[in-house]
Amino acid sequence: MSKKDMPIEKSHIMMFARSIGDPNPIYYDEDHANDSDVGSIIAPPTFTQASAQFDPDYFLRPKIDGKGWFGSGKESTGAKKEGSSSDGDGSGAAMGLHAEQHFEYHRPVRPGDVLTPETKSGKTWEKDSKRAGKLKFSESVTEFRDQNGELVVTAIGVGVQTEKPVEN
Amino acid sequence: MLDKSKINLGDTHSEVVVEDLKRTQIVQYAGASGDYNPLHSDEIFTTKVVGYPSVFAHGMLSMGLTGKMLTNYVGDASLKKFGVRFTNQVWPGDTLTSKATVMSIREENGETLVDLNIETTNQDDVTVITGSAVALAK
């Protein structure tokens, strides 16, 4: 396994389906799923986004060393101001928002699969916005391949860094 | 799976995908997806440090909720493509309605494909997601 490999497990699929409020038994009930046309439990369409769980360096998960996180604790910033440059207050990182997400499905994701994500940077562009100042967009393309090297899901994400919080 | 003999251009399917979204559900999504950005769970950080009026939902939670409407309509393991733009933020207390509209029905490589337009709106009729999907029909 590469260090970011995503082992697909049925309990994780069940928890993910619950979190999006989806009661479809194809996501947790083995008897139902095995008798269905699909033939087994499968993952919901947006499930590969949870591959973040398996990226040891994922920047939006508090690290187990307890350092460098930017949520509130004793201080509302959650980080020491006098720390190293990577220990800032994090408000800059929090200006990153998700602008677009696109999936192409080559086959369903099933428990027992081990998906290897490979991400390439795509195009970048800028735009001015009345509601959030200068916007910097960047695209990334992630191919999820299975244990046999076959393409399962292609995910294209577009992130945006806003100059200021979006006005609502 | 969609039955091509029973669908027509302009057909719509809509569902309320969440009512009065709770902060707890946003936390639940953070745990399941692994995206712990404090903008989605840490009210103090989000309001005092960043300057938003409250925490808000992950875009991917809105997309996941929208996807529930879509899979209920097109059936399990029938999606070929699903893509969205996040046009407005989703806040605790929001009630979201997702709608799919049949835009075209076509044959490609021996398969019947249905192109769908996707929109999710909140209780004030503000669009939070626009997008499209391609589903297999029989």
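Residue numbers restart at each chain and count upward from 1, following the sequence in its written direction. A letter from A marks each chain and a number from 1 marks each ligand, given out in the order of writing. Reporting of local features is limited, given that this is a predicted model, to residues whose pLDDT is at least 70; pairs of side-chain atoms are given and counted only at 80 or more, and all residues count toward the totals for whole chains, interfaces and linings. To obtain the side-chain values, all non-hydrogen atoms of the structure were included, while hydrogens and water were left out.

Each helix corresponds to a stretch of at least 4 residues labelled H or I by DSSP, and each strand to a stretch of at least 2 residues labelled E; elements are numbered beginning at the N terminus. Helix and strand content of chain B: three helices and five strands. Its helices and strands in sequence order give chain B the pattern β-α-α-α-β-β-β-β, from N to C terminus. For the C-alpha atoms alone, the extent of chain B along its principal axes is close to 55 × 30 × 20 Å. Buried means the residue's accessible area, taken with a 1.4 Å probe over protein chains only, is under 20% of the maximum for its type, while exposed means over 50%, and partly exposed covers the values in between. Within chain B, buried positions represent 57% of all 138 residues. Of the contacts formed within chain B by residues at least 6 apart in sequence, a portion of 65% connects residues at least 24 apart. The contact criterion used throughout is that any non-hydrogen atoms of two residues lie within 4.5 Å.

Chain A puts 50 residues into the contact, and the matching count from chain B is 41 residues. Taking both sides of the interface into account, the surface hidden between chain A and chain B amounts to around 3700 Å²; carbon and sulfur atoms contribute 59%. Three residues, Ser-19, Ile-20 and Tyr-105 of chain A, lead the burial of chain A against chain B; their summed loss comes to 14% of the area buried on that side. Salt bridge, as used here, is a side-chain nitrogen of Lys or Arg placed within 4 Å of a carboxyl oxygen of Asp or Glu. Where chain A packs against chain B, one counts zero salt bridges. Under the rule applied, a polar contact is a pair of N or O atoms within 3.5 Å (in protein, one hydrogen donor and one hydrogen acceptor; residues adjacent in sequence only if both atoms are side-chain atoms). Summed over the shared surface of chain A and chain B, the result is 14 residue pairs in polar contact (both at pLDDT 80 or more). With ten residues, the single largest contributor to the side of chain A that touches chain B is strand 2 (residues 96–105) of chain A. By definition, the buried area sums, over both parts, the 1.4 Å-probe accessible area that each loses when the two are put together.

All names here are of chain A. Listed in full, the buried residues belonging to helix 1 (residues 10–19) are His-12, Ile-13, Phe-16, Ala-17 and Ser-19. Buried positions in helix 1, seen along its axis, are confined to an arc of 160° and lie on one side of it. Positive phi appears at Gly-21, one or two residues downstream of helix 1, with a value of about 65°. In this description, the arc belongs to the directions extending from the helix axis to the C-beta atoms.

According to the stated counting rule, one finds 16 salt bridges over all chains in the structure shown. Glu-107 of chain B is paired through a salt bridge with Lys-4 of chain B; the nearest N and O atoms lie 3.8 Å apart. On the criterion of sequence distance, the pair formed by Glu-107 of chain B in strand 3 (residues 96–108) and Lys-4 of chain B in the segment before strand 1 (12–18) is long-range, its members being 103 residues apart. You can call Lys-4 of chain B partly exposed: its relative accessible area is 42%. What you see here is one network of salt bridges that share partners, running through Arg-107, Asp-113 and Asp-146 of chain A.

Attention now moves to the packing of helix 1 of chain A against helix 1 (residues 23–33) of chain B. Axis separation between helix 1 of chain A and helix 1 of chain B bottoms out at 8 Å; the angle between their running directions is 155°. Relative to helix 1 of chain B, helix 1 of chain A is oriented roughly antiparallel. Both helix 1 of chain A and helix 1 of chain B take part in a crossing whose hand is left-handed. From helix 1 of chain A, His-12, Met-15, Phe-16, Arg-18 and Ser-19 of chain A reach across to helix 1 of chain B, where they touch Gln-25, Gln-28, Tyr-29, Ala-32 and Ser-33 of chain B. Between the N-to-C directions of two axes lies an angle of 0 to 180 degrees, each axis being a line fitted to C-alpha atoms and, for a helix, fitted only over the stretch in contact. Any angle from 65 to 115 degrees is called roughly perpendicular, while one under 35 is roughly parallel, one over 145 is roughly antiparallel, and all others are oblique. In this scheme the crossing of two helices becomes right-handed for a clockwise turn of the near helix relative to the far one and left-handed for an anticlockwise turn of less than a right angle.

For Phe-70 of chain A, the position within the fold is in the loop between helix 2 (30–35) and strand 2. Here Phe-70 of chain A falls in the buried class, since its relative accessible area comes to 6%.

Let's shift gears to the confidence of the model for chain A. On a scale of 0 to 100, pLDDT captures the predictor's confidence in every residue. Of all residues in chain A, 88% attain a pLDDT of 70 or more, and the chain-wide mean is 88. Note that pLDDT drops below 50 for residues 80–89 of chain A; the model gives that stretch nine contacts with residues more than four away or on any other chain.

Residues and elements named next belong to chain B. Phi is positive for Asp-20, which is not a glycine, with a value near 50°. Inspection of the secondary structure assignment puts Asp-20 in the loop between strand 1 and helix 1. For Asp-20, a relative accessible area of 40% translates into the label partly exposed. A positive phi angle, close to 65°, is found at Asp-125, a residue other than glycine. Looking at where Asp-125 falls in the secondary structure, it is placed in the loop between strand 4 (111–121) and strand 5 (127–137).

Another aspect to go through is the nonpolar core. Residues and elements named next belong to chain B. Grouping buried Ala, Val, Leu, Ile, Met, Phe, Trp, Tyr and Cys residues that are joined through side-chain atoms within 4.5 Å yields what is termed a nonpolar core. Formed by 56 residues in total, the largest nonpolar core has its most connected members in Leu-70 and Leu-116. Looking at which element gives the most residues to this core, the answer is helix 3 (residues 59–74), with eight residues. Excluding anything up to four places from it in sequence, Leu-70 contacts Gly-75, Leu-79, Phe-82, Ala-100, Leu-116, Ile-118 and Ala-133. Residues Leu-39, Val-50, Tyr-52 and Trp-91 belong to the second largest nonpolar core, which totals 20 residues.

With that out of the way, let us pick up helix 2 (residues 43–50) of chain B. Residue and element names in this part refer to chain B. Here helix 2 has its buried residues at Phe-45, Thr-46 and Val-50. Each buried residue of helix 2 sits inside an arc of 95° when the element is viewed along its axis, so together they form one side. Just downstream of helix 2, Gly-51 is the residue with a positive phi angle, here 100°.

A few words now on the side chain of Arg-61 of chain A. Looking at the element boundaries, Arg-61 of chain A is found in the loop between helix 2 and strand 2. His is not counted, nor are the chain ends, whereas Lys and Arg count as positive and Asp and Glu as negative. One buried charged residue, Arg-61 of chain A, remains without a salt bridge, the closest side chain of opposite sign being Asp-55 of chain A at 5.9 Å. Here the side chain of Arg-61 of chain A touches Asp-55 of chain A through a polar contact of 2.8 Å, landing on its backbone oxygen. Polar side-chain contacts of Arg-61 of chain A include one of 3.2 Å to the backbone oxygen of Pro-56 of chain A. Residue contacts for Arg-61 of chain A: discarding those within four places in its chain leaves Ala-52, Gln-53, Asp-55, Pro-56 and Trp-69 of chain A together with Gly-34 and Tyr-36 of chain B.

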